[in-house]
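Structural overview
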4 protein chains.
Amino acid sequence: MTVRAAVAGASGYAGGELLRLLLNHPGVEIGALTGHSSAGQRLGALQPHLAPLAAREVLPTSTAALAGHDVVFLALPHGQSAAVARELGEETLIVDCGADFRLADPAAWETFYGSPHAGTWPYGLPELPGARTALAGTRRIAVPGCYPTAVLLALFPLYAAGLAGPEAVVVAASGTSGAGKAARTDLLGSEVMGSMRPYGVGGTHRHTPEMSQHLAAAAGAPVAVSFTPTLAPMSRGILATCSAAARPGVDADDVRAAYDKALADEPFVRLLPEGQWPATGAVHGSNTAQVQVALDPATRRVVAISAIDNLVKGTAGGAVQSMNIALGLPEAQGLSTIGVAP
Amino acid sequence: MTVRAAVAGASGYAGGELLRLLLNHPGVEIGALTGHSSAGQRLGALQPHLAPLAAREVLPTSTAALAGHDVVFLALPHGQSAAVARELGEETLIVDCGADFRLADPAAWETFYGSPHAGTWPYGLPELPGARTALAGTRRIAVPGCYPTAVLLALFPLYAAGLAGPEAVVVAASGTSGAGKAARTDLLGSEVMGSMRPYGVGGTHRHTPEMSQHLAAAAGAPVAVSFTPTLAPMSRGILATCSAAARPGVDADDVRAAYDKALADEPFVRLLPEGQWPATGAVHGSNTAQVQVALDPATRRVVAISAIDNLVKGTAGGAVQSMNIALGLPEAQGLSTIGVAP
Amino acid sequence: MTVRAAVAGASGYAGGELLRLLLNHPGVEIGALTGHSSAGQRLGALQPHLAPLAAREVLPTSTAALAGHDVVFLALPHGQSAAVARELGEETLIVDCGADFRLADPAAWETFYGSPHAGTWPYGLPELPGARTALAGTRRIAVPGCYPTAVLLALFPLYAAGLAGPEAVVVAASGTSGAGKAARTDLLGSEVMGSMRPYGVGGTHRHTPEMSQHLAAAAGAPVAVSFTPTLAPMSRGILATCSAAARPGVDADDVRAAYDKALADEPFVRLLPEGQWPATGAVHGSNTAQVQVALDPATRRVVAISAIDNLVKGTAGGAVQSMNIALGLPEAQGLSTIGVAP
Amino acid sequence: MTVRAAVAGASGYAGGELLRLLLNHPGVEIGALTGHSSAGQRLGALQPHLAPLAAREVLPTSTAALAGHDVVFLALPHGQSAAVARELGEETLIVDCGADFRLADPAAWETFYGSPHAGTWPYGLPELPGARTALAGTRRIAVPGCYPTAVLLALFPLYAAGLAGPEAVVVAASGTSGAGKAARTDLLGSEVMGSMRPYGVGGTHRHTPEMSQHLAAAAGAPVAVSFTPTLAPMSRGILATCSAAARPGVDADDVRAAYDKALADEPFVRLLPEGQWPATGAVHGSNTAQVQVALDPATRRVVAISAIDNLVKGTAGGAVQSMNIALGLPEAQGLSTIGVAP
């Protein structure tokens, strides 16, 4: 069986990465490619790395263009997914790379996004407890944000095992593709090369409530997240440095055992051998998340660090992995655990 | 049928890239991995991006370790291939990523390498006239240098069509992985980031005679190459800017027609639409060479530019492509035309 | 005596670099800062590295704002300088970082810029034969383009000594700041990091006639330039690789002697010791041009390579150096020969 | 009066930066340059950006070579400073860029460095309470580590005002020059470009006790620091993201007021306007530390972020600033607040 898939937002970075992965997916045929300002252009001029699709024309994003596909990937600005989903009908699998259906709490949505809450769809992070069950057979998937993917994979084993206190501190560095492909002066190569800078400091980044929501679900209790994102001089990758106070009596073996248990069978999370730490370069282009953890004896904080490719495991790879589960395909189909390094 | 392949030099950049590609090759089973100073270590500590091979141990390079494979890839320092080949016997396909068997002219070899000439093996650039015939069924392959790959793909159509004068000027920029993985102060990140510098200026780079040899073969007459390599602040990629005087009467249509004819059916060379120029970022991780050409009306020089990934089409991908031909496998098997961008 | 200087275009890269240098110039007081879309903002938000000027407001560019200064630096889009100069009057020293007054040949101007020729001002490359005489006391200076600065410093000694044939081939790599600060998708960090690409291929770049004009002046005969610019993944720097056929009988000593003679007393050009090659990283932030030259015995081509910081010697530093000469100040005042490395 | 200064370790990154700054210092004459493996070479081959010193020879590091100077800067491996200081005598100002004399607690020294404690010298971070008094007239200076410089400038105002709880969490990203100039495979450009990775996780980095010591001094009570350093793909710069729990009742105005009070008069620390955040690119090459702070209302954590150039304010600039104080020179002499950007 071949699944026919459309990609809305094909000229952006998320859309391009979806196409890169779908081209390698033996069970998927690529249907309509749609865009907004890029409509009417050949994909070869917009995504010159996708040689096999170079002659394809980008269509204007519309229900008509997206109809008639088994799967529709949405890589659209916030707020547009609900209308598209409604019009496409319940039989179409909609995989939304935007934020619209990630948050369960309408108040959190309204605080961080300033618009009415659209609802909540099954969350496309299969590694979380219960996630695969929710994804199996669904026709609606909310793909996680790139930062929450990195942070949750680093921290959920700790909270699921009840080993940490109710506050996590996260500082994450992201490559610039996470900021998208729209022309902005502060994202020019001249500005970002040779420089690191934070943004969204003080709890204002929209990915913060998404992290809290799922850590709380793992812990069975509220978890506050102090989150500071930073922009790093690289095109891809997220390195998330996360820490939380170890509960009294917890020792390093307890921590290691919790991570072993939570991650041992995961095809796309690699708990590294002790002493080896994640590097974003090692997961460039792959759907792997590298994870490592340590307990600092002096401060009694558990430090958990993950590295992902923000466009693969953090977006398009997570989307395809979740699609596979929803459609009953092998979960790893079309996805690679092998990075392109150096 | 599955081919069993060994890689000598598995801890270096060429070896790592060979393994990355072979892991994706449906017709190959990876056998022994050998190294020199890395022998005894787990591959996971040396090549952390190759997750599926993380537990593999690197063996000392020896005939015993390499024996019993259908294919042996050699990523060794110059001068070691002949002895290994002799001991492995004539039935083993040996794919040499080193320089030992690239040059036909013993004098050129001795001038540039300072040691006795080992011989000449079929040259692993299938796109050159006659190359596929020479590679089919062979048990010895000399993989081209990374710079010659880029330069020959840019210029052989011009010379094969007899459109250019006998002197080519080439300036090429390479990512740092081309310089290898040995620790050197001048290759430290601090030194190479934010900086470009030439090396091997004035005709001294060892890849120069390799370019001349094959351009001359295409032209049926001697071709002198003025070659200047430069080191660019990126880990992968070669951008080769090549030019030569157009012969009298040659016009832009003649040039375009020659490239169309030479490259139209090539699976791994993409002559871009007119007006679009190659970028190394677009071929990152892929076996594609992007090529474009223009005739400067003021100087009457043809400017031909190519972009490749030095580790893929420039080394490991070219090696696998040639292996496929030698073994009668589909030429494109295990190789991707899709880049990992941005 | 203190000179009062205004900078039009203060929010761009050339304007910011002019201000950086003028802040270090003991003979200059910084007056009005003007801009277009940035007017009304504090400079601290636009150029956060220029701490001493953080509180300054950017004024709209107008004759009124620029009047009353001894020196006015123009970092404006092409075509605007003539009107500004006319209105400011003949007593004001106008240092134009744009192209309007660089070319002597109206036909070349119209071919490359498509507008009427505005005229020709003394050319701000003091190292060229006769340039200092033309600059002394002038009230109008045309600052060279960044590429011509690098190329002319590499090649004029060769042509002034009559050692090379009438055609030069130049391939130059530039950092992205040379493309300016306007938001463009193709200049995003995600696009430029890890990638090299050419542009303006085939003799179409506007700096081409500027190179030819001044090489011809040095040679006393026409010189054709085949010029290919490339964009490199770094924010600053130009590495220009230039070559030309040596005239019959010319040997390496002749070449070396010509460069020694032409460059020995230059405060801002450093002919490197034989065997050491330029690197853009070594001149980052400095007004130095590093130059080296070799004669390739096989092709009989002279290869001359220069490295500059495109924003310093290639723009703002050349402008200040020329201003010093025009005003009778010490030529090196306010300028550094020391790079910021690594 | 001109001070005569020697630099031991002149071929490394700290040594090179000391020389760059001293060349710009009007009150300093550069005397002996010494090194270990580089002894006997010309500095021009080792530090090609320092054009004015190109012809200088590097001498072997010895008491004889260093004697007879007013100031001796030591950029040596740990453990060598005490012997040099003893031999040079009490009249020579010794500015030690190494760690030997930074820690007050012998037990902390022995835990982190594994050798006997050499003693404690006045700490060269003039912005700390009481530091200028301790530095005035001293003949021994312990230059802070680069990370502690960034972290202490971000956090001491908070602790000095008693606004935060006793545990700080710090995640800092450093450019690769912080790791030095010795050839190491993991620092090759190919490895670091496009990648971020942590190291020294779990409280094992040697700069940790240095941070705790001085935060505790500011607070008048113990402060535990959870410190995770990461390596970023840039040659220079440290971005330190620091946070601590706000004490009950503390509000954003209290925090702002504390930073205003502590930093308002500092020549080399720039508390940015509210809403503007530090970037390492803005302080490249300058002695400025940019600082910004916010109170996250949801988690009640104060997030304080600083950006410095690790080689300037983090090493050589801090050393020169402290030397100026020790010698009674103007504190800012020879130091710039202006970055080289972009």
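Only a predicted model underlies this, so the values are computations on that prediction, with no experimental measurement involved.

Looking at the relation of the copies chain A and chain D
Each copy superposes on the other: chain A lies on chain D with an RMSD of 0.0 Å after a rotation of 180° and an axial shift of 0.0 Å. Taken together, the rotation and translation relating the two chain copies correspond to the operation of a two-fold axis. The fraction of interface residues of chain A whose copies in chain D are also interface residues reaches 100%, indicating that both copies meet through the same surface.

Structural notes on the environment of Leu74(B)
Residue and element names in this part refer to chain B. Here Leu-74 shows up in strand 4 (residues 71-74). Relative accessible area serves as the criterion here: at 0%, Leu-74 is assigned to the buried category. Along the backbone, Leu-74 and Val-7 are 67 residues apart, and their C-alpha atoms lie at a distance of 6.2 Å. The contacts of Leu-74, once residues within four sequence positions are left out, are Ala-8, Leu-66, Ser-81, Val-84, Ile-94, Val-95, Asp-96, Cys-97 and Gly-98.

Some points on the UniProt feature "active site" (unreviewed entry) in chain A
All names here are of chain A. Following the UniProt record, the feature "active site" (unreviewed entry) maps to Cys-146 here. Mapped onto the elements of the fold, Cys-146 is located in helix 7 (residues 146-160). The exposure class of Cys-146 is buried, given its relative accessible area of 12%. Each residue touching Cys-146, except ones within four places of it in the same chain, is listed here: His-207, Ile-238, Ile-308, Asn-310, Gly-314 and Thr-315.

Comments concerning the interface of chain A and chain D
Facing 38 residues of chain A, the contacting portion of chain D comprises 38 residues. Summing both sides of the interface, chain A and chain D together bury roughly 3,000 Å²; the carbon and sulfur share of this comes to 68%. Where chain A touches chain D, the interface holds two salt bridges. Two residues, Arg301(A) and Glu167(D), come together in a salt bridge whose shortest N-O distance is 2.9 Å. Summed over the shared surface of chain A and chain D, the result is six residue pairs in polar contact (both at pLDDT 80 or more).

Describing the sheet that holds strand 10 (residues 238-246) of chain C
Residues and elements named next belong to chain C. Read from one edge of the open sheet, seven strands run 8-9-7-10-13-12-11, paired in mixed fashion. In this open sheet, the two edge strands, each paired with only one partner strand, are strand 8 (197-198) and strand 11 (269-271). Bridge analysis of strand 10 against strand 13 (residues 301-308) gives eight bridges, and the strand direction is antiparallel. Residue pairing in the sheet places Leu-239 in a bridge with Ala-307 of strand 13.

Concerning the state of the cysteines
All names here are of chain D. Enumeration according to the criterion identifies zero disulfides over all chains in this entry. Cys-97 takes part in no disulfide bond, and the closest cysteine sulfur to it belongs to Cys-146, at a distance of 11 Å. Looking at Cys-97, the relative accessible area reads 12%, which means it is buried. This cysteine, Cys-242, is not joined by any disulfide, and Cys-146 carries the nearest cysteine sulfur, 13 Å off.

Quick look at the environment of Ala316(D)
All names here are of chain D. Along the chain, the position of Ala-316 falls in helix 11 (residues 312-327). Exposure remark for Ala-316: the relative accessible area of 0% places this residue in the buried category. Between the C-alpha atoms of Ala-316 and Ser-226, which are 90 residues apart in sequence, the distance is 26 Å. Every residue in contact with Ala-316, bar those within four places of it in the chain, is listed here: Ala-14, Glu-17, Leu-18, Leu-21 and Leu-311.

Topic: the packing of aromatic side chains
All names here are of chain A. For the structure on display, the rule yields twelve aromatic pairs over all chains. A centroid spacing of 3.7 Å and a plane angle of 5° characterise the contact between Phe-101 and Trp-121, whose relative ring orientation is stacked. Here Phe-101 is found in the loop between strand 5 (93-96) and helix 5 (106-113), whereas its partner Trp-121 is found in the loop between helix 5 and helix 6 (131-135), with 20 residues between them in sequence. As far as the burial class goes, Phe-101 and Trp-121 line up, both buried. Here the guanidinium or amino end of Arg-140 rests over the ring plane of Trp-121, the centre of that ring lying 5.7 Å away.

Side note on the interface of chain C and chain A
Contacts between chain C and chain A engage 19 residues on the former and 19 residues on the latter. The contact between chain C and chain A buries some 1,400 Å² in all, and 60% of this surface belongs to carbon and sulfur atoms. Contact with chain A buries area across many residues of chain C, yet Leu188(C), Ser190(C) and Met193(C) alone supply 39% of it, more than any other trio. In terms of residue count, helix 8 (residues 189-192) of chain C provides more of the side of chain C that touches chain A than any other element does, four residues in total. Per-class residue counts for the side of chain C that touches chain A are nine nonpolar, seven polar and three charged.

Some words on helix 7 (residues 146-160) of chain B
All names here are of chain B. Between its first and last C-alpha, helix 7 extends 21 Å over 15 residues, near the 21 Å set by a 1.5 Å rise per residue. A bend of about 40° at Leu-152 is the largest found in helix 7. For helix 7, a buried count of 14 out of 15 residues is recorded, marking the element as mostly surrounded by other parts of the structure. With its phi angle positive at about 70°, Gly-162 sits one or two positions after the end of helix 7.

Digging into the side chain of Asp96(C)
Residues and elements named next belong to chain C. You can see Asp-96 is positioned in strand 5 (residues 93-96). The buried charged residue Asp-96 lacks any salt bridge partner; its closest oppositely charged side chain belongs to Arg-102, at an N-O distance of 6.9 Å. A polar atom in the side chain of Asp-96 sits 2.9 Å from the backbone nitrogen of Gly-98. When neighbours within four sequence positions are excluded, Asp-96 is seen to be in contact with Leu-74, Ser-81, Phe-101, Trp-121, Ile-141, Ala-142 and Val-143.

Quick notes on the pattern of salt bridges
Opposite charge on two side chains permits them to pair, given that their charged atoms come into close proximity. Residues and elements named next belong to chain A. Inspection of the entire model under this criterion finds 48 salt bridges over all chains. For Arg-236, the salt bridge identified is with Asp-309, shortest N-O distance 2.9 Å. Here Arg-236 is found in the loop between strand 9 (224-231) and strand 10 (238-246), whereas its partner Asp-309 is found in the loop between strand 13 (301-308) and helix 11 (312-327), with 73 residues between them in sequence. Asp-309 shares its class with Arg-236; the two are buried. A network of salt bridges, in which partner residues are shared, links Glu-17, Arg-20, Arg-236 and Asp-309.

Parameters and conventions
- For every chain, the first residue of the written sequence is number 1, and numbering continues from 1 along that sequence.
- All chains are assigned letters beginning at A, and all ligands numbers beginning at 1, according to the order in which they are written.
- The predicted origin of the model limits local features to residues at a pLDDT of at least 70 and limits the giving and counting of side-chain atom pairs to 80 or more, whereas totals for whole chains, interfaces and linings rest on all residues.
- Calculated side-chain values reflect all of the structure's heavy atoms, with hydrogen atoms and water omitted.
- The copies were overlaid by least squares, fitting only the C-alpha atoms of residues that reach a pLDDT of 70 or more in each copy.
- The contact rule is simple, with two residues in contact once any of their heavy atoms fall within 4.5 Å.
- Each helix is a run of H or I in the DSSP string that is no shorter than four residues. Each strand is a run of E no shorter than two, and both are numbered from the N terminus.
- Whether a residue is buried, partly exposed or exposed follows from its accessible area with a 1.4 Å probe, protein chains only, as a fraction of its type maximum: under 20%, in between, or over 50%, in that order.
- UniProt positions are given in the numbering used here, feature names are shortened, and annotations may be inferred rather than shown by experiment.
- Buried area, as used here, totals the accessible surface that two parts lose on assembly, with accessibility defined by a 1.4 Å probe and the loss added over both.
- What counts as a salt bridge is simple: a side-chain nitrogen of Lys or Arg found within 4 Å of a carboxyl oxygen of Asp or Glu.
- The definition of a polar contact used here is a pair of N or O atoms within 3.5 Å, where within protein one atom must be able to donate a hydrogen and the other to accept one, and adjacent residues in sequence count solely through side-chain atom pairs.
- A pair of strands is considered paired only if DSSP assigns at least 2 bridges between the two.
- Put simply, a disulfide is two cysteine sulfurs that come within 2.5 Å.
- Two aromatic rings, drawn from Phe, Tyr or Trp (for Trp, its six-membered ring), form a pair once their centres lie within 6.5 Å of each other, and the interplanar angle then sorts them: stacked below 30 degrees, edge-to-face above 60, tilted otherwise.
- Look at NZ for Lys and CZ for Arg. If either is within 6 Å of the ring centre and within 35 degrees of the ring normal, a charge sits over the ring.
- Following the grouping adopted for this structure description, the nonpolar residues are Ala, Val, Leu, Ile, Met, Phe, Trp, Tyr, Cys and Pro, the charged ones are Asp, Glu, Lys and Arg, and the polar ones are all others, Gly among them.
- A helix's residues, less one, multiplied by 1.5 Å, set its expected span.
- The angle between axes fitted to the seven-residue stretch ending at a residue and the seven-residue stretch beginning at it gives the bend at that residue.
- When charges are counted, Lys and Arg contribute as positive and Asp and Glu as negative, whereas His and the chain ends are disregarded.

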